[in-house]
Structures are given as structure tokens and as C-alpha cells.
Amino acid sequence: MPTDTERHADTEGDCDVLVIGSGSAALSAALRASAGGLRVTILEKTSALGGTSAMSGAGTWVPANHHAAAEGIEDSPAEALAYIRSASPRGWQQREDELWAAFAQNAPAMLAFVEERTPLRFKLTEEPDTMAECTGGKRRGRMLSPMPLRKGILGGYAGKVRQSTLPHLYTYQEVYDGDLYHRPLRGTLRVAHRLLWRLLTGSRAQGSALVTGLLKGCLDNGCRIELDSRVVELLVGEDGVVAGAIAENGGTKRRYRARRGVVIATGGFEWNQDLLEQHFPGPLDWRGSPRSNEGDGQVLAAGVGAELDRMDQANVYPAMPTRYEGRLHGIPFLFQAEPHAIAVDRHGKRFVSEYDFNIGEAIDRRDPVSGMPLHLPAWVIADRRFVKLSPVFRSYARKKRGWLVQAQTLAQLASLIGLPPNALESTIARYNEFCARGSDDDFHRGETVWEQFKAGGPGNALGPVEEAPFFAMPLNRSILGTKGGARTNAKGQVLRPDGSVIAGLYAAGLSMANPIGTRAVGPGTTIGPNLTWGFICGSALLSDNRR
Ligand SMILES: Cc1cc2nc3c(=O)[nH]c(=O)nc-3n(C[C@H](O)[C@H](O)[C@H](O)COP(=O)(O)OP(=O)(O)OC[C@H]3O[C@@H](n4cnc5c(N)ncnc54)[C@H](O)[C@@H]3O)c2cc1C
């Protein structure tokens, strides 16, 4: 029996593969399937293409890649797997090992394939693995980002790539090299000739380049793209096979039949208030993704019997206020990782090294019994120099009145933000003592490979908080994308709670149950894996045909 929605769906669209969403995971799946000869339709809910991926820095973590090999950096899928095993949270291996192995095996082939089939060209960045000390960790060679691309290569779609909150005129590496956060003018002048050329040619880097290049590859391989098409229902045949979907477009419902399968790649659920409150209870600061990431894919998958898993995992990353599409939004930045600043919990005590890349994991740490965050509300406490050192910080701080709280003494600051004044004063006194001695006995700030890289050298991370006025700003969870969703096998096929495959249904990117959760094993461990999982789904669709 057709459902109500099916009965009202009036137009038919036939294809081999239906891809829901247009971010990194979606476009990678579409590229792989279409390059293999399948007819692919991509449905995007909004009028802009690329989702969070287009907004991103496109820092892309791909172990054992050919760029590293060309520079003589030794790496292999086996080493990458060993690293993921040793750097991931205890207890995850049993459930995720098969998926980790599939990722490590496919990631290098994915990157080579993307460069072969699209105009995208990646370049290594200088970043180490976030836990480079772990078995299999690397000091360089796994992080890449795309070189700038001219949007004009997309023809009629050139104006359809989603805008970012980040300055995509610069490459990922130029943002670092030019120290734009502290010296925006000097950093800009250093590369002014390149920026001018990009302005003249309409070229952009980072996530804009990523999505431009992927889209170009998809268009060249005949993918059909439909904007403003929100998938609202999956079509399931009497045999239980997912055979297509129904999408709403301008008040009209359309039915899409997909002969091989449907790929859910709709991103996270951070803009779905109910799901967010259920899985991330407690204080939240900012969200960095487009508001269309409402967990549609998770809901659609659950509706056909999928197991949802890792729903309490997310890309939790410090962010500052900005404006996007006319409203307040978060721009991700590790703004707390500055010498004259510390992070404190709701008791006024430090709880993490402020330079830890995975500070988001500590911010989101939960009470195992109540599930509520242990440390929140948390705060960054800083002195005069923290604010003085960055014009960029000052301009973002002005975006939201009251975000930056100021006082002449630490005791006054503590009372303004509801912290116990004595506790805050003694925390700062202890931290300042560590600065004088040059070593942080509590959290070893600035000592790991990653933290030394971030600080620009050993010893640079420690600067006392002692010069008035003092400042406080919230450091609660900011979410760039949740990481829970449909549980899949190593081919990207969606599974039921009993482990059986829902034939014809695949999931990739942030709408799948991510085998790399809140703890990032590399700085780009969403885009790299998302591209890889899209590639894996596309490969499976080429060979599986509903099995
Ligand atoms: C500013 C910023 C910078 C970042 N930088 C990095 C970085 O450098 N490296 C890194 O690894 N990660 C980074 N991230 C995180 C990364 O961008 C995301 O994790 C990733 O892009 C998610 O990719 P995705 O393909 O799963 O989803 P998205 O790219 O979010 O795509 C999902 C798409 O699905 C569409 N959609 C949703 N529901 C439906 C529906 N029902 N029907 C049709 N379409 C639908 C959405 O509109 C959206 O376009 C950054 C995030 C932000 C916000």
C-alpha cells in the first residue's frame, strides 16, 4: 500500500543512485558512483551546495597519501590503523575496528581518485597528528588542504556554492603561515599578489575549493543536481529494499526511484533542537554549520529500522560569535590557546590543557550516571594582553554584546560570572607559578607535539594571567557537526539493531555513526573520513547491487 506522501508525490525521477545532501560525503559518493558509469541524482535541501563542507577549512586527514610518499614520508594503512587504535577512546576498538580498517585502506585510494577525476589538487599542510606520540602517529604528512580553484569552472552552478564564515580567499596554510589571527594586515600583505589574482579570477581555497572541485567532477560525470529538494521519506519496496525517496520542492512532492540504492549524507543533527537536547544536555555556545543540518538523515534512517549509534559524539570545537545569513553563528577557532589565558570549570578550576586540540572532548565530558556535562559552564579567563594581541579576536568579540565580560580584579570578574572568587584566585595563582617555573605540573600545557606546534615552540604556551583588566568569555560546547547516526558496516551499508543490512540504503559522513567520534585523531578528521566514506559507499554501489 502506498503511503499518503507517496500518493501525493506527482513527478517521477529515475536514477541508479540517489544521493541525499551535497557536502563532502555526498559529492564523494556521487563522484565515485557516476565515474563508474551509474546515473546519479543529488538532492540538496537548500538553495546552496556544499553544506558544512563548503564552509569548512577543508583540512583533510588522509593517512598514507601519495603527496606524503612523494616527499619521502613513510606511512601505510597498517600504521594508520595502529595509530587510530592507540589514539581512540578505550573500548571503541571492539565496535569500530572493522570500520577503522576500511577507512585506513580506502583513504589513500580516495584521494588519488579525487585528484584524478576532478580539478582538485591537495597540498600537505604542516600539522602533526593531534596525538602524534601514540603508536603510528606522525609529525607531518597526513594533513592536506585543497589549492584554490576558480568557481567559474562550474558554469551555472558557480554562484550556488555555499558561503563560509571563514576567509576562503586564503589557503588553509596561508592562514597559519601569515598568523592572520594576530597580524592580519602583515599576513595579508605577504600574500597580497596571490589574493589579488584570486579576486580577479574568482578563485577560492579551503571548503569552497573542495566543493567546487567535487561538483565539477560530478557534473562532468553526468550527475543530476536538484536544489531546494528536501527528502522527507524513503521508499521501501515490499521486499524491504530501499528503492528511492520522496522529496519536497516548492510545495510539490516528487518521487525518485533509485535502482541501485540511496546514500544518506545529510550531515549532523545540531540544528534539531529535540535531538540536540536529548543527546547534548547542558550549556551550548555556538553552532558552526548551516541551519539545514537538522538530522533529517538520522530520522529517515531510523524510520526504516536503522540502528542509530554514537549519538552523543560531535565535532566540539571552541568558537567565537559571528554573523551568518543575517543571524548569530559560531566561527570555529582555538581562541583559548593563547599564552595569557586559561580555561576553568564551573568551580573555577582548570580541567584541561588549553592547547589540547581535543579540548572539546574535555569540555563535553559527562557524568557517567546523570549524563550531564561535568565541567560546564566553563570559562576562558584572560588578562589584558590576551585581548590586546589579536585585532581579529576583538572584532569577533564585538559581534555579541556581553560575550566578553571585563573587570579590574579577578574577584570582581568571578562574581560577575558566578564563580567562587577564592577558587578562581587560587587557580590563577597556581597557574602563574607554573609560568614562572616554565612547566605546567597539572596539565603539561605546551608539551605534546601538537601543542608545541600550536604554540610555535616549546615554552611559548605559558604566559601569566596577571595584568588588569581581566576578561572572561564562555567556553561551553560549540558544535561544528554532531557525529552520530545510522550504524553502518565497512561498505557503508546501513544496519538494523540486529546487525542485518537494510538493502539499498547507505550512509556516509556525519549522518552515519562515526567510527571517529568527538576525539579527533587528526585536525581534519571529519573531512578526510567523510570523503572516504562517500568513496566507500560509491564503490559498494558499483559492485553490490542491493546485496
Ligand atoms: C567553519 C567550519 C570549518 C571547518 N573546518 C574543518 C576542517 O578544516 N577539517 C575538517 O575535517 N572538518 C572541518 N569542519 C567540519 C566539517 O566541515 C564537517 O564535519 C563536514 O563538512 C560534514 O560533512 P557532511 O558531508 O557529513 O555534511 P555537510 O557538508 O554538512 O552536508 C550535508 C548537506 O545535506 C543537506 N541536507 C540535510 N538534510 C537534507 C534533506 N532532508 N534532503 C536533502 N539535503 C539535505 C544539508 O543542507 C547540507 O547541505 C569545519 C566546520 C565548520 C563549520
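Because the structure is a prediction, the values reported are computed rather than measured.

J.: Can you explain the site of the ligand? Please cite residues and give values.
T.: The ligand sits among 42 residues. The nearest are Glu44, Thr52, Ser53, Ser292 and Thr526. Contact between the ligand and aspartate 296: a nitrogen atom at 2.8 Å from a side-chain N or O atom of the residue. Here a nitrogen atom of the ligand sits 2.6 Å away from a polar atom, N or O, in the side chain of threonine 526. In the complex, the protein chains occlude 98% of the 1,000 Å² of accessible area that the ligand would expose alone. When residues in the shell around the ligand are grouped by element, the largest group, four residues, is from helix α3 (residues 51–55). Each residue belonging to the shell around the ligand can be placed in one class, and the counts come to 13 nonpolar, 25 polar and four charged.

J.: Please provide a residue-by-residue account of helix α10 (residues 206–220), values included.
T.: The end-to-end C-alpha distance of α10, which contains 15 residues, comes to 21 Å, matching closely the 21 Å that a straight helix rising 1.5 Å per residue would cover. Counted residue by residue, α10 has twelve buried out of 15 residues, so it is predominantly covered. Along α10, the residues that are buried comprise Gln206, Gly207, Ser208, Ala209, Leu210, Val211, Thr212, Gly213, Leu214, Leu215, Gly217 and Cys218. Two residues or fewer after α10 comes glycine 222, characterised by a positive phi angle close to 85°.

J.: How would you summarise the packing of helix α6 (residues 93–117) against helix α19 (residues 527–544) if you had to cite specific residues and measurements?
T.: For the pair α6 and α19, the least separation of the axes is 8 Å and the interaxial angle reads 90°. With respect to α19, the axis of α6 lies roughly perpendicular. Across from Leu99, Ala102, Phe103, Asn106, Ala107, Ala109, Met110 and Phe113 in α6, the residues of α19 making contact are Gly528, Pro529, Leu531, Thr532, Trp533, Phe535 and Ile536. A per-class count over the contact of α6 with α19 returns twelve nonpolar, three polar and no charged.

J.: An account of the sheet that holds strand β21 (residues 477–482) is requested, with residue identities and associated values reported.
T.: Spatially, three strands are ordered β12-β21-β14 in an open sheet, and the strand pairing comes out mixed. Of all the strands in the sheet, just β12 (284–287) and β14 (314–316) have a single pairing partner and so form its edges. With strand direction ignored, the average angle separating the axes of adjacent strands in the sheet is 40°. Pairing analysis gives three bridges linking β14 to β21, with the strands arranged antiparallel. Pairing of alanine 314 across the sheet is with threonine 482, part of β21.

J.: Any chance you could break down a positive patch on the surface for me, citing the residues and the numbers?
T.: Residues Arg323, Lys388, Arg394, Arg398 and Lys399 make up a contiguous surface patch of positive charge. Structurally, arginine 323 is set in strand β15 (residues 319–324). Arginine 323 sits in the partly exposed class, given a relative accessible area of 48%.

J.: Residue-level account of unusual backbone geometry, with values.
T.: At the junction of leucine 376 and proline 377, the peptide bond is cis and its omega measures out at 0° in the coordinates. One can find proline 377 in the loop between α13 (359–363) and β18 (379–382). Across the junction of alanine 468 and proline 469, the peptide omega takes the value 0°, indicating a cis bond. Within the secondary structure, proline 469 is located in the loop between α18 (449–455) and β20 (470–474).

J.: A description of the sheet that holds strand β17 (residues 341–344) should follow, citing residues and the corresponding values.
T.: Reading across from one edge, β17-β18-β20-β19 is the order of the four strands in this open sheet, with antiparallel pairing throughout. Edge positions in the sheet fall to β17 and β19 (405–407), since each has one partner strand and no second. Averaged over all pairs of adjacent strands, the angle between their axes in this sheet comes to 25°, without regard to strand direction. As paired strands, β17 and β18 are joined by four bridges and run antiparallel to one another. Bridge pairing in β18 links alanine 343 to valine 380. Against the sheet, helix α16 (residues 410–417) contacts β18, β19 and β20, and its axis sits at roughly 145° relative to β19.

J.: Talk me through the pattern of salt bridges; I want residue IDs and the actual numbers.
T.: Evaluated as defined, the whole model comprises 38 salt bridges. Between glutamate 226 and arginine 254 there is a salt bridge, and its shortest N-O distance comes to 3.8 Å. Here glutamate 226 is found in strand β8 (residues 224–226), whereas its partner arginine 254 is found in strand β11 (residues 252–264), with 28 residues between them in sequence. A salt bridge links arginine 230 to glutamate 294; the shortest N-O distance between them is 3.5 Å. Highlighted residues: arginine 230 in strand β9 (residues 230–236) and glutamate 294 in the loop between β12 and α12 (296–303), separated in sequence by 64 residues. Given the relative accessible area of 31%, arginine 230 is considered partly exposed. For glutamate 294, a relative accessible area of 26% puts it in the partly exposed group. Connected through shared salt-bridge partners, Arg95, Glu96, Glu307, Asp309, Arg310 and Arg487 make up one network.

J.: Requested: an account of the pairing of β20, with residues and values cited.
T.: Here β20 lies mainly inside the structure; five of its five residues are buried. Across the two faces of β20 the burial is the same, with Phe470, Ala472 and Pro474 and Phe471 and Met473 all buried. With three bridges joining them, β19 and β20 adopt antiparallel strand pairing. Within β20, the position partnered with valine 405 by the bridge is alanine 472.

J.: Pulling in residues and values, what's your account of a nonpolar patch on the surface?
T.: Nonpolar side chains collect at one region of the surface, where Leu196, Trp197, Leu199 and Leu200 lie side by side and expose about 500 Å² of accessible area between them. As for its placement among the helices and strands, tryptophan 197 is situated in helix α9 (residues 192–201). Overall, tryptophan 197 belongs to the exposed group, its relative accessible area being 59%.

J.: Summarise the packing of helix α2 (residues 24–35) against α19; cite the residues concerned and give the values.
T.: Packing of α2 against α19 brings their axes to within 7 Å, and their N-to-C directions diverge by 35°. For the crossing formed where α2 meets α19, the hand is right-handed. Only Ile527, Asn530, Leu531, Gly534, Phe535, Gly538, Ser539 and Leu542 of α19 make contact with α2, whose side of the interface consists of Ser24, Ala25, Ser28, Ala29, Arg32 and Ala33. Here the residues of the contact of α2 with α19 sort into seven nonpolar, six polar and one charged.

J.: Pulling in residues and values, what's your account of the environment of asparagine 65?
T.: Checked against the element boundaries, asparagine 65 lands in the loop between β3 (60–61) and α4 (66–70). We classify asparagine 65 as buried; its relative accessible area is 2%. The sequence separation of asparagine 65 and phenylalanine 351 amounts to 286 residues, and the corresponding C-alpha distance is 36 Å. Apart from the residues within four sequence positions on either side, asparagine 65 is in contact with Leu111, Leu124, Gly141, Arg142 and Leu144. Side-chain polar atoms of asparagine 65 contact the backbone nitrogen of alanine 68, separated by 2.8 Å.

Parameters at a glance
- Residues numbered from 1 in each chain as written.
- Predicted model: local features only at pLDDT ≥ 70, side-chain atom pairs only at ≥ 80, totals over all residues.
- Heavy atoms only, no water.
- Near = heavy atom within 4 Å.
- Polar contact = N/O pair within 3.5 Å; in protein donor to acceptor, adjacent residues only side chain to side chain.
- Areas by Shrake-Rupley, 256 points an atom, 1.4 Å probe, with all protein chains shown as cover.
- Helix = DSSP H or I, 4+ residues; strand = E, 2+ residues; numbered from the N terminus.
- Nonpolar A, V, L, I, M, F, W, Y, C, P; charged D, E, K, R; others polar.
- Expected span 1.5 Å × (residues − 1).
- Buried < 20%, exposed > 50% of the residue type's maximum accessible area, 1.4 Å probe, protein only.
- Axes fitted to C-alpha atoms, helices over the stretch in contact; angles between N-to-C directions.
- Parallel < 35°, antiparallel > 145°, perpendicular 65-115°, else oblique.
- Contact = heavy atoms within 4.5 Å.
- Pairing = 2+ DSSP bridges.
- Patch = residues over 30% accessible without salt bridge, like charges linked within 9 Å, V, L, I, M, F, W, Y side chains within 5 Å.
- Salt bridge = Lys/Arg side-chain N within 4 Å of Asp/Glu carboxyl O.
- Lys, Arg positive; Asp, Glu negative; His and termini not counted.
- Charge placed at Lys NZ, Arg CZ, Asp CG, Glu CD.
- Left-handed = near helix turned anticlockwise from the far one by under 90°.

Keep in mind that these numbers describe shape and distance, not what the molecule does.
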